[in-house]
Amino acid sequence: MYVEIVFPLPFRKAFTYLVPKELESQAKIGVRAVVPFGKRTLTGFIINKPQSVSLKEKIKLITDIIDELPIVDKDRFKFYEWLADYYLCSFGEALKLAVPYGSEVESKRKIISDQQACLQLFTKEKNKTSTRAVILKTLAQKQEMSFSRLQKSVRKKNIYSILRTLQEQGLVTILDTLQSAKVKPKTVNYVKLNKPVSEVYSIFPEVERRSPKQVKVLLELISAKGKGLPVAELLHKTSSSKSSLDSLSIKGIVKLYEQEIDRKYVEVFKEEKLELILSEKQSEVTKEVSVEIANENFKTFLLHGVTGSGKTQVYIELTKKVLEKKKTALILVPEISLTPQITSRFFNVFGDEVTVLHSRMSPGERYDSWRRIFKRKSSVVIGARSALFAPLKNLGLIVVDEEHDASYKQSDMTPKYNARDSAIILASVVNCPVLLGSATPSVESMYNANTGKFKLLRLPERIDNAKLPVITLVDINKERKKQRMENIFSKTLLDKAEERLKRNEGVIILQNRRGFSTQLYCTDCSEVEVCDNCSVPMVFHINQNNIQCHYCGSVKDVPATCTHCGSIRIKYFGAGTERVEDELEFYFPKARLSRIDSDSITKKSSLSRLLLSFGNGEIDILVGTQMVSKGLDFSRVTLVGVISAETTLWLPDFRADERTFQLLTQVAGRAGRSKAPGEVIIQTQNEKHFALQMVLNNNYNGFYEREIADREKMGFPPFTRIALIEAKDQNNQRAKGAIADFYNELKKYNKWLKISPPSPAIIARLKNQYRYQILIKSPRETDAGGKILRKAIIDSFTEFNKKSRHKDVRLIYDVDPQSVI
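Residues numbered from 1 in each chain as written. Predicted model: local features only at pLDDT ≥ 70, side-chain atom pairs only at ≥ 80, totals over all residues. Heavy atoms only, no water.

K.L.:
Before we go on, may I ask you to explain the pattern of salt bridges in this structure?
P.N.:
Pairing between side chains becomes possible if they bear opposite charge and their charged atoms approach one another. Applying the stated rule across the entire model yields 48 salt bridges. One salt bridge connects Lys728 with Glu726, and the closest N-O pair in it is separated by 4.0 Å. Among the residues examined, Lys728 registers a relative accessible area of 17% and is labelled buried. By relative accessible area, which is 10% here, Glu726 ends up buried. Glu745 is the partner of Lys803 in a salt bridge, and the nearest nitrogen-oxygen pair spans 3.6 Å. With Lys803 in helix H27 (residues 787–803) and Glu745 in helix H26 (residues 732–746), the pair connects residues that are 58 residues apart, well separated along the chain. What makes Lys803 exposed here is its relative accessible area of 52%. Residue classification places Glu745 among the buried positions, given a relative accessible area of 9%. One salt-bridge network, held together by shared partners, links Lys496, Glu499, Arg500, Arg503, Glu505 and Glu679. (Salt bridge = Lys/Arg side-chain N within 4 Å of Asp/Glu carboxyl O. Buried < 20%, exposed > 50% of the residue type's maximum accessible area, 1.4 Å probe, protein only. Helix = DSSP H or I, 4+ residues; strand = E, 2+ residues; numbered from the N terminus.)

K.L.:
I tried to follow the environment of Thr472 on my own but got confused; where do I start?
P.N.:
Relative to the helices and strands, Thr472 resides in strand E19 (residues 470–475). Between the alpha carbons of Thr472 and Leu811 there is a distance of 46 Å; along the sequence they are 339 residues apart. For Thr472, the residues in contact, after removing those within four places along its chain, are Glu679, Val680, Ile681, Ile682 and Leu696. (Contact = heavy atoms within 4.5 Å.)

K.L.:
What exactly am I supposed to notice about the nonpolar core here?
P.N.:
Soluble, globular proteins show a tendency: their nonpolar side chains are buried together. Within the largest apolar cluster, 110 residues are counted, with the highest numbers of intra-cluster contacts made by Tyr80 and Ile398. Counting 24 residues, the second-largest nonpolar core is a separate cluster that includes Phe301, Leu318, Val399 and Leu459. (Core = buried A, V, L, I, M, F, W, Y, C linked by side-chain atoms within 4.5 Å.)

K.L.:
Would you explain the sheet that holds strand E25 (residues 546–548) in this entry?
P.N.:
Two pairing modes exist for strands in a sheet, parallel and antiparallel, and in both the strands are linked by backbone hydrogen bonds. An order of E24-E25-E26 is seen for the three strands of this open sheet, with the pairing classed as antiparallel. Edge strands, defined here as strands with exactly one partner in the open sheet, are strand E24 (539–541) and strand E26 (555–557). This sheet shows a mean twist of 35° between the axes of neighbouring strands, independent of strand direction. Pairing of E24 with E25, which is carried by three bridges, proceeds in the antiparallel orientation. Of the residues in E25, the one forming a bridge with Phe540 is Ile547. (Pairing = 2+ DSSP bridges. Axes fitted to C-alpha atoms, helices over the stretch in contact; angles between N-to-C directions.)

K.L.:
Looking at this structure, how should I read the sheet that holds strand E4 (residues 40–48)?
P.N.:
Strand order across the open sheet formed by five strands is E2-E1-E4-E3-E5, with antiparallel pairing between neighbours. Edge positions in the sheet fall to strand E2 (15–18) and strand E5 (64–65), since each has one partner strand and no second. As paired strands, strand E3 (residues 32–37) and E4 are joined by six bridges and run antiparallel to one another. Across the sheet, residue Val35 finds its bridge partner in E4, namely Leu42.

K.L.:
Please explain helix H23 (residues 656–668) as it appears in this structure.
P.N.:
At 3.6 residues per turn, the α-helix brings residues three or four places apart onto the same side. Here H23 is 13 residues long and its end C-alpha atoms lie 18 Å apart, about the 18 Å a rise of 1.5 Å per residue gives. Summarising burial for H23: 13 of the 13 residues are buried, a large majority. (Expected span 1.5 Å × (residues − 1).)

K.L.:
Explain the environment of Ala735 here, please?
P.N.:
Mapped onto the elements, Ala735 comes out in helix H26. Spatially, the C-alpha atoms of Ala735 and His806 are 7.9 Å apart, while their sequence positions differ by 71 residues. Beyond its immediate stretch of four places on either side in the chain, Ala735 contacts Ala727, Lys728, Asp729, Tyr770, Tyr772 and Val809.

K.L.:
What is the right way to look at a nonpolar patch on the surface in this model?
P.N.:
Taken together, the side chains of Val197, Tyr201 and Leu219 define a hydrophobic patch exposed on the protein surface, amounting to about 270 Å² of accessible area. Structurally, Tyr201 is set in helix H7 (residues 197–202). What makes Tyr201 partly exposed here is its relative accessible area of 44%. (Patch = residues over 30% accessible without salt bridge, like charges linked within 9 Å, V, L, I, M, F, W, Y side chains within 5 Å. Areas by Shrake-Rupley, 256 points an atom, 1.4 Å probe, with all protein chains shown as cover.)

K.L.:
Looking at this model, I keep getting lost on the packing of aromatic side chains. Mind explaining?
P.N.:
We describe a pair of aromatic rings using the distance from one ring centre to the other and the angle between the two ring planes. Across all of its chains, the model carries 35 aromatic pairs by this definition. Feature note: the residues Phe79, Tyr80, Trp82, Tyr86, Tyr87, Phe389 and Tyr417 constitute an aromatic cluster, connected by ring pairs. Directly above the aromatic system of Phe122 lies the positively charged group of Lys128, at a separation of 5.3 Å from the ring centroid. The ring of Tyr257 is capped by Lys192, whose NZ or CZ atom sits 5.6 Å from the centre of that ring. (Phe/Tyr/Trp six-rings, centres within 6.5 Å; stacked < 30°, edge-to-face > 60°. Lys NZ or Arg CZ within 6 Å of the ring centre and 35° of its normal.)

K.L.:
Got a minute to help me understand the state of the cysteines in this structure?
P.N.:
Simply put, the disulfide is a covalent bond whose two ends are the sulfur atoms of two cysteines. Following the criterion strictly, the structure yields zero disulfides and no others. The thiol of Cys562 is not disulfide-bonded; the next cysteine sulfur, from Cys525, is found 3.7 Å away. For Cys562, a relative accessible area of 7% translates into the label buried. (Disulfide = S-S within 2.5 Å.)

K.L.:
Even after reading the chapter, I still don't get the side chain of Glu578, so can you show me in this structure?
P.N.:
Mapped onto the elements of the fold, Glu578 is located in helix H20 (residues 577–587). This buried residue, Glu578, is left without a salt bridge; Arg595 holds the nearest opposite charge, at 4.3 Å. With sequence-adjacent residues up to four places away left out, Glu578 is seen in contact with Gly515, Phe516, His541, Ile542, Asn543, Gln544 and Arg595. (Lys, Arg positive; Asp, Glu negative; His and termini not counted.)

K.L.:
Any chance you could explain unusual backbone geometry here in plain terms?
P.N.:
Trans peptide bonds make up the majority, and among non-glycine residues the majority have a negative phi. The peptide bond linking Thr414 to Pro415 adopts the cis configuration, its omega dihedral lying at -5°. Mapped onto the elements of the fold, Pro415 is located in the loop between strand E16 (395–401) and helix H16 (419–430). In this structure, Pro718 follows Pro717 across a cis peptide bond, with omega equal to 10°. Within the secondary structure, Pro718 is located in the loop between helix H25 (700–714) and strand E32 (720–729). A positive phi angle, close to 50°, is found at Lys767, a residue other than glycine. Residue Lys767 is classed as exposed on the basis of its relative accessible area of 52%. With phi around 55°, Asp816 is a residue other than glycine that occupies positive phi space. Using a relative accessible area of 15% as the deciding quantity, one classes Asp816 as buried.

Spelled out as structure tokens, the structure:
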């Protein structure tokens, strides 16, 4: 038996292996196999069983099969093939998304060096910058190093021949170690009675005479009525030792065994279960989508519902319909910050049918959640973008909540997929409806609805007769002239906040920047303190008393003098959430404040605890970044303040206006979600900007009409499909050379595509790597599915690899990027 296997590596071909007789029954399409690959051992997916193969070279044997049942079925194979094709990655890289992190088996190469001998040889090298010299210098500094770490240190992939020579000279030893899976099922020691209760009672006198503590243990096990108890729990409760149990086990009175336990993620945030009656509009929306659920039809719905219109309740009602049909539902949310409230509401209705998947869970919890879904113990999955790849069988509905959100786009790893767009393709493959919900739909989604590609549904009013908040734009330049500014706050905002605190109502303050001060500026030489690895300013964090780069994570002590000229005249500019919190504590010393940003919620469940306290009235003012703008539903919030509307507006990105409109509309929607009226104060330096005027008037349609006209004029999505090509390297000239060589190959497609000349990225250096970019636009009229665009990139890359002397420079291609920064 032969099988074809793909690996999570950038190879676009499958590799053929021979299956040993003893593994033939397990070698099914869709399972993972452990195989030798070159000098390594890797885990890959079996994707085919060819009837015959051409035996030009010796075919290697499979080492092991990991899975009992196929992880990916035929339908999902189609989906992952589309994902690989559209986002320009290998099939193996796409399939890697289907399995939980840490469940692969692979070999790691370790290098152990004779440090003294390496140093002596390095001093004799004439060219101290040669690859061999750099390797010797690196190995002289560290005795033990992984192969991949050494490759990164010397910035070269092909170091095999040099290492072989060093090994022959006895300077290094290269070890191949097999690393088993990082996550496995968790087992716990259990104990239970091994004899009938009557027989156990009969031996009590003898046991009590020899060891009274054993009687306590036996009484606990009798009261368990035949069930097993965890050993650690039992010993703690009875103050006994393990030897007592071992003694009872040897006599055959009790039985010790291992039992697998489920590491279940428990959401700390809880809400009371409310019996809600759907409004007329909610019922209409539910009815329309239910028809497609009943008929098992693929159809994309866009639900445009204002903030507080009850979209979550619509999702719950539709999920009920899905479960009635014995099908499953997938609910995607963009941020971890949205999961506590929505999860609590779904748990209230569906109980243990719900499983959560997101990155704040431990690897073990994620692995057990994945296995629970795979074993069909859960019918409802809620999670961020990676939950799209949960092994749900028999899908009946996919919901994408806050579909406009940029965090649905994976931007750090390959493939750079968009979970919203991929969810629509998955729904088309498995034949189920998909519902995209938002108060501020993306321009692309609304365009698709207006052109008939999506079915538009509306919830134009808030539930329970709640009114949309009154929004006020406060021009801080005018306020400053009138001397109505208190540091970063206008007196208008402070007065309104004081009113709310007197009435014991909740206040949310948004400032979409972390830290205390966003720049350190020298008034003598006019230089700003910039990160050593990135071309961005360092941010001052008052709590840790240091300056940090929010891109590479670099941390330095706060400089006492300017690092450029030595002057002591340093000024701190810009305001982050820490400064907002600090100043509010000064103006409202009796108020209880909390901050929500990625610095303050690093501990597990800390976000849930904060939200719970805020909902219970234990926190008066909640300060935060865009995390506070999404999905939070607290009836006690009656005032929302925005410190600076410009944080996203001034970004040099074609989506800047859209992002600003969405962020401000969403955060405004946190206010006045019940009978108490809400108010929103937005501080700005540019009150006449059209996006802010549209926020002021709650006018989504007006914003959309202006934005879609601008996009058409400038040739941006949805009228074109765009791709961003990026070359990055620690050497500026190599990065520049690589992007120039790629551009020369890409130019051949000028007839069909609009290709911008190479230019430095807006953030020209990031994580110690220089960045150069090419933006490609492909008109949808001539290239509806993006085939020409993808062919141009792949063919150009093939030619680039053949011809360019910079082919080892890292090239990244991002189809449908959410940002061009």
